[in-house]
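What follows is each chain in one-letter form.
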Amino acid sequence: TPISLSRIRFLIFVGQNQSLSAKQSLAKLIMSFSDSDSSSHGGGGEYKNFRQISRERLLYEMLRSSKTGDSRSTWKVLIMDKVTVKVMSYSCKMADITDEGISLVEDLFRRRQPLPSMDAIYFIQPTKENVVMFLSDMSGREPLYKKAFVYFSSPIPKELVARIKNDTSVLPRIGALREMNLEYFAIDSQGFITDHDRALEDLYGEDIENSRKFDACLNSMATRIATVFASLKEFPFVRYRAAKTLDASTMITFRDLVPTKFAAAIWNCITMYKSTIPNFPQTETCELLILDRSVDQIAPVIHEWTYDAMCHDLLDMDGNKYVHEVPSKTGDQPEKKEVLLEDHDPVWLELRHAHIADASERLHEKMTNFVSKNKAAQLQQRDGSELSTRDLQKMVQALPQYNEQMEKLSLHVEIAGKINRIIREVGLRELGQLEQDLVFGDAGTKEVINFLRMKQDTTSKNKLRLLMIYASVYPEKFEGDKATKLMQLAKISHEDMKAVTNMRLLEGSDTRKTSTGSFSLKFDAQNRKHAARKDRTGEEETWQLFRFYPMLEELIEKLTKGELPKDEYHCMNEPSPPVHGGTGGHGASVRTGQSPAPHSMRSRRTATWARPRHSDDGYSSDSVLRHASGDFKKMGQRIFVFIIGGATRSELRACHKLTTKLRREVVLGSSSIDDAPQYITKLKLLSEKELSIDSIRI
């Protein structure tokens with residue numbers, strides 16, 4: 001997963017020529033690099049997507065640029081801290097780093113072997129601890145490395161720059177000291193996280209008004225998301241969900257103001273970049289919409305039926321890592337093998353957003369086509385008849401590629417089979433149908449109670465998820481002692497029920513006390529009709545249980561049409577006049593070229609991230625990736641959406657879908673990407689005095 005590209009600010013450069021002052025060297029470098037990278041929308045240049053830009057900055061602007069100048073060292077050491085090593089690992093593979101001359105990767109805070117004949121590249125956060133460690137490495141008569149090229153992941157405070165300048169023994173050994181402004185984690189070609197797993201706790205937990213954690217979390221998240229815009233050299237309209245009151249008697253709570261405070265913190269960072277980063281846009285080039293989890297509490301818990309979501313929901317995965325058993329080469333017990341389900345796997349790239357039934361069907365097609373077209377497979381399937389020398393030669397020539405392709409296809413066939421088996425065993429289709437009927441107003445209390453009575457073998461976690469959806473659509477059913485009766489009927493523990501009652505903490509001023517003194521969940525006014533979603537007109541639902549869509553999809557479409565309610569969504573900066581005859585006002589939208597025909601998420605095999613027609617062998621990676629990158633040509637202005645408190649895989653899928661539909665790259669950012677169990681655990685902890693989610697691994 002790559003990252004982002006843009007302008008870096010040069011703080012200081014001291015080469016071997018000491019006749020040049022640091023100030024002169026700095027000015028010289030700024031001049032030489034001021035025009036080196038154009039905007040990612042660049043004049044006549046090829047459009048580069050979010051991840052391509054991120055990856056190229058790390059590999060070329062940082063690692064490759066350190067090869068130039070007075071550096072004579074062929075191989076270098078790369079030193080990172082616990083945050084920047086994650087930034088790098090989400091964006092680049094070890095082979096990419098090695099190709100740029102890195103022979104050793106080290107942890108800044110581990111004891112390291114002195115390598116005085118080698119240069120070192122430091123990619124670190126600009127903290128006091130990191131700077132002290134760097135100075136101790138490079139000071140004195142015997143520094144650990146010959147020369148240091150230092151890159152900071154975000155803006156460095158002036159006092160730390162002064163501290164470095166004042167160490168006269170270190171200055172001559174510094175090859176470069178720069179701000180990369182790249183401190184986010186590119187988890188997807190169109191998605192990133194700031195890696196704040198505790199954002200829900202720190203920003204929405206009880207007693208957060210006087211918590212230092214609130215400011216620390218908010219400012220750290222704002223700094224990291226601002227580096228996205230610094231890195232891509234994008235200046236956004238900053239829009240955010242404003243605090244809302246039900247009536248004059250309702251007070252705005254601290255939680256209501258989280259998006260407002262967050263927007264202000266981001267705005268402060270971006271306006272600083274405007275004046276400090278060379279060639280940073282001075283007028284708006286993109287949209288940023290800031291939301292929190294209160295806009296959609298159904299998306300994190302409803303069962304999403306895509307291949308990607310089902311893998312993470314039903315299988316025991318660690319991030320994108322899947323462990324499966326393969327036959328032992330020695331004939332012993334099967335061996336466990338780890339594989340990564342990510343964009344480098346063309347089968348995964350093609351099927352991840354497909355409905356699980358569609359994915360299974362297409363995998364069967366692929367396997368059939370592969371066997372019929374591949375010489376090695378055909379020869380291997382012969383009935384015991386003797387092979388000619390020519391047949392053997394063809395088989396040997398085809399075997400390496402055959403084995404690799406067969407392994408990939410077999411892996412996904414195994415995964416899809418496992419998922420379908422779990423769906424049958426758990427009875428997930430019936431539950432999934434009820435979930436979606438609830439959301440769209442086609443089922444109510446009677447159906448929920450019947451399900452809980454008749455399906456008592458349903459797992460407690462699935463019954464809890466059903467109740468959370470029910471609470472979102474029918475909040476009045478949880479007033480007074482009604483919640484207790486539902487809990488008893490579902491045989492759910494008090495501990496699990498906290499997830500339902502704590503949903504109110506995300507609703508801010510929409511929470512009110514009832515006459516009995518207990519809390520009532522009050523959600524969006526449209527829920528009074530007992531339907532949290534409306535069916536999308538003009539969208540074909542080919543596959544069962546593919547009806548649900550996250551609210552984020554609706555909000556982005558409203559944003560592009562200029563239909564976001566201005567009283568609910570405020571803008572930090574007043575828009576400049578629309579470029580291409582947009583709708584004006586806060587919802588001004590800039591488009592390039594003609595609008596494409598409407599595209600349906602629910603129509604089979606039409607999305608550009610689904611199967612290319614000529615890729616029937618299941619392994620045509622070049623064609624898949626070429627089509628994916630080709631989709632980004634002639635794109636309009638980017639749309640960034642940031643969800644405070646965790647985003648879902650359905651929301652990431654919606655961003656991919658809308659990119660194709662709107663011809664504008666839609667990038668999703670969040671504090672974390674959460675699957676249902678992780679999100680529910682975080683909700684439970686909101687009402688705890690001593691919060692701990694150390695056991696949660698995302």
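First, a word on what this report is: a plain description of the structure on this page. Given the structure is predicted, the values throughout are model-derived calculations rather than measurements.

Residues Lys 418, Arg 421, Arg 424 and Arg 429 make up a contiguous surface patch of positive charge. Here the positive patch takes 3 residues from helix H14 (residues 389-426), the largest share from any one element. Relative to the assigned elements, Lys 418 resides in helix H14.

Counting residues in each nonpolar core, the largest one holds 155 residues, and the members touching the most others are Phe 123, Leu 203, Phe 262, Tyr 307, Leu 467 and Met 468. Here this core gets 11 residues from one element, more than from any other, and that element is helix H8 (residues 212-232).

Two elements in contact, helix H20 (residues 551-561) and helix H22 (residues 649-662), have axes whose closest approach is 9 Å; the angle formed by their N-to-C orientations is 30 degrees. It follows that H20 is roughly parallel to H22 by the angle criterion. Crossing handedness for the pair H20 and H22: right-handed. Contacts between H20 and H22 involve Leu 552, Glu 553, Ile 556, Glu 557 and Thr 560 from the former and Glu 651, Ala 654, Cys 655, Lys 657, Leu 658, Lys 661 and Leu 662 from the latter.

A separate point is empty space enclosed by the protein. Under the definition given, this model contains 2 cavities of 30 Å³ or more. Around the second largest cavity, the lining comprises 15 residues; the ones closest to its centre are Ile 302, Glu 304, Ala 309, Asp 675 and Ala 676. Elements supplying a minimum of two residues to the lining of the second largest cavity: helix H10 (307-314) and H22. Element by element, the count of residues in the lining of the second largest cavity is highest for H10, at 4 residues.

Where burial is concerned, most of strand S2 (residues 76-80) is hidden: 5 out of the 5 residues are buried. Burial along S2 is two-sided: Lys 76, Leu 78 and Met 80 and Val 77 and Ile 79, pointing in opposite directions, are all buried. Strand direction decides the pairing type here: S2 and strand S3 (residues 102-107), joined by 5 bridges, are parallel. Directly across from Lys 76, in S3, lies its bridge partner Ile 102. Here S2 runs beside strand S4 (residues 119-124); their pairing, made up of 5 bridges, is parallel. Paired with Val 77 across the two strands is Ala 120, which belongs to S4.

The subject of this paragraph is helix H2 (residues 50-64). Taking 1.5 Å as the rise per residue, H2 with 15 residues should run 21 Å; its terminal C-alpha atoms sit 20 Å apart, in good agreement. Of all bends in H2, the biggest is about 30 degrees, found at Arg 57. The buried fraction of H2 is high, at 11 of 15 residues. Listed as buried for H2 are Phe 50, Arg 51, Ile 53, Ser 54, Glu 56, Arg 57, Leu 58, Leu 59, Glu 61, Met 62 and Leu 63. A distance of 3.1 Å separates the backbone nitrogen of Arg 51 from a side-chain oxygen at the start of H2, and that oxygen is part of Asn 49.

The backbone of Lys 233 shows a phi angle near 50 degrees, a positive value even though the residue is not glycine. As for its position among the elements, Lys 233 is in the loop between H8 and strand S9 (236-241). By relative accessible area, Lys 233 is classed as buried at 3%. The residue Arg 663 is not glycine, and still its phi comes out positive at about 60 degrees. By secondary structure assignment, the location of Arg 663 is in the loop between H22 and strand S17 (666-670).

At their nearest, the axes of helix H5 (residues 128-138) and helix H6 (residues 158-165) sit 11 Å apart, and the two run at 10 degrees to each other. When the axis of H5 is compared with that of H6, the two are roughly parallel. Contact residues: Lys 128, Val 131, Val 132, Phe 134 and Leu 135 in H5; Leu 160, Arg 163 and Ile 164 in H6. Each residue belonging to the contact of H5 with H6 can be placed in one class, and the counts come to 6 nonpolar, no polar and 2 charged.

Looking now at the packing of aromatic side chains. In total, this model carries 16 aromatic pairs according to the counting rule given. Ring geometry for Tyr 184 and Phe 192: centres 5.8 Å apart, planes at 65 degrees, overall edge-to-face. Take Tyr 184 and Phe 192: they sit in the same class, and that class is buried. Following the ring pairs from residue to residue traces out a cluster consisting of Phe 50, Tyr 184, Phe 192, Phe 262 and Phe 642. The ring of Phe 185 has Lys 86 lying over it, and the distance from NZ or CZ to the ring centre is 5.7 Å.

With that settled, consider the pattern of salt bridges. Per the counting criterion, the structure on display carries 36 salt bridges. Note that Asp 96 and Arg 55 form a salt bridge whose closest N and O atoms lie 3.1 Å from each other. Placement of Asp 96 in helix H4 (residues 94-99) and of Arg 55 in helix H2 is noted, with a sequence separation of 41 residues between them. Take Arg 55: its relative accessible area is 24%, and that puts it in the partly exposed class. Across the salt bridge formed by Lys 93 and Glu 342, the nearest N and O atoms sit 3.0 Å from each other. Placement of the pair is Lys 93 in the loop between helix H3 (84-91) and H4 and Glu 342 in the loop between strand S12 (335-340) and helix H11 (346-351), with a sequence separation of 249 residues. Linked through salt bridges whose partners overlap, the residues forming this network are Arg 51, Asp 188, Asp 343 and Arg 352.

Another point: the pairing of strand S6 (residues 174-179). Of all 6 residues that make up S6, 6 are buried, and the element is covered over most of its length. Of the pairings in the sheet, the one linking strand S5 (residues 148-152) to S6 comprises 5 bridges and is parallel in character. Note on S6: the bridge partner recorded for Val 150 is Leu 177. Of the crossover connections in this fold, the one passing from S5 over H6 to the parallel S6 is right-handed.

This part is about the environment of Gly 444. Looking at where Gly 444 falls in the secondary structure, it is placed in the loop between helix H15 (428-439) and helix H16 (445-454). According to the relative accessible area criterion, Gly 444 is buried, its value standing at 9%. Distance from Gly 444 to Tyr 470, taken between C-alpha atoms, is 8.2 Å for residues 26 residues apart in sequence.

Judged by pairing direction, the sheet is mixed, and its 7 strands sit side by side in the order S7-S8-S17-S16-S10-S9-S15 without closing on themselves. Both outer strands of the open sheet, strand S7 (185-188) and strand S15 (569-571), are each paired with one neighbouring strand and no more. The sheet shows a mean angle of 25 degrees between the axes of neighbouring strands, direction not considered. Inspection of the sheet shows strand S8 (residues 191-193) paired to S17 by 3 bridges, in the parallel sense. Bridged to Ile 193 within S17 is Ser 670. Each of S7, S8, S9, strand S10 (286-292) and strand S16 (639-644) is contacted by H8, which is oriented at about 170 degrees to S16, the strand it contacts most. The strands that H20 touches are S9, S10, S15, S16 and S17; relative to S16, the one it contacts most, it runs at about 140 degrees.

Scoring rules and cut-offs
- Residues numbered from 1 in each chain as written.
- Predicted model: local features only at pLDDT ≥ 70, side-chain atom pairs only at ≥ 80, totals over all residues.
- Heavy atoms only, no water.
- Patch = residues over 30% accessible without salt bridge, like charges linked within 9 Å, V, L, I, M, F, W, Y side chains within 5 Å.
- Areas by Shrake-Rupley, 256 points an atom, 1.4 Å probe, with all protein chains shown as cover.
- Salt bridge = Lys/Arg side-chain N within 4 Å of Asp/Glu carboxyl O.
- Lys, Arg positive; Asp, Glu negative; His and termini not counted.
- Charge placed at Lys NZ, Arg CZ, Asp CG, Glu CD.
- Helix = DSSP H or I, 4+ residues; strand = E, 2+ residues; numbered from the N terminus.
- Core = buried A, V, L, I, M, F, W, Y, C linked by side-chain atoms within 4.5 Å.
- Buried < 20%, exposed > 50% of the residue type's maximum accessible area, 1.4 Å probe, protein only.
- Axes fitted to C-alpha atoms, helices over the stretch in contact; angles between N-to-C directions.
- Parallel < 35°, antiparallel > 145°, perpendicular 65-115°, else oblique.
- Left-handed = near helix turned anticlockwise from the far one by under 90°.
- Contact = heavy atoms within 4.5 Å.
- 1 Å grid on protein atoms, 1.4 Å probe; cavity = no way out; pocket = protein on both sides within 12 Å on 5 of 7 lines; lining within 4 Å.
- Points joined across faces, edges and corners; volume = space filled by probe spheres on them.
- Pairing = 2+ DSSP bridges.
- Expected span 1.5 Å × (residues − 1).
- Bend = angle between axes of the 7 residues up to and from the residue.
- Polar contact = N/O pair within 3.5 Å; in protein donor to acceptor, adjacent residues only side chain to side chain.
- Nonpolar A, V, L, I, M, F, W, Y, C, P; charged D, E, K, R; others polar.
- Phe/Tyr/Trp six-rings, centres within 6.5 Å; stacked < 30°, edge-to-face > 60°.
- Lys NZ or Arg CZ within 6 Å of the ring centre and 35° of its normal.
- Right-handed = clockwise from strand over helix to strand, strands pointing away.

As far as function goes, none of this settles anything; it's purely spatial.
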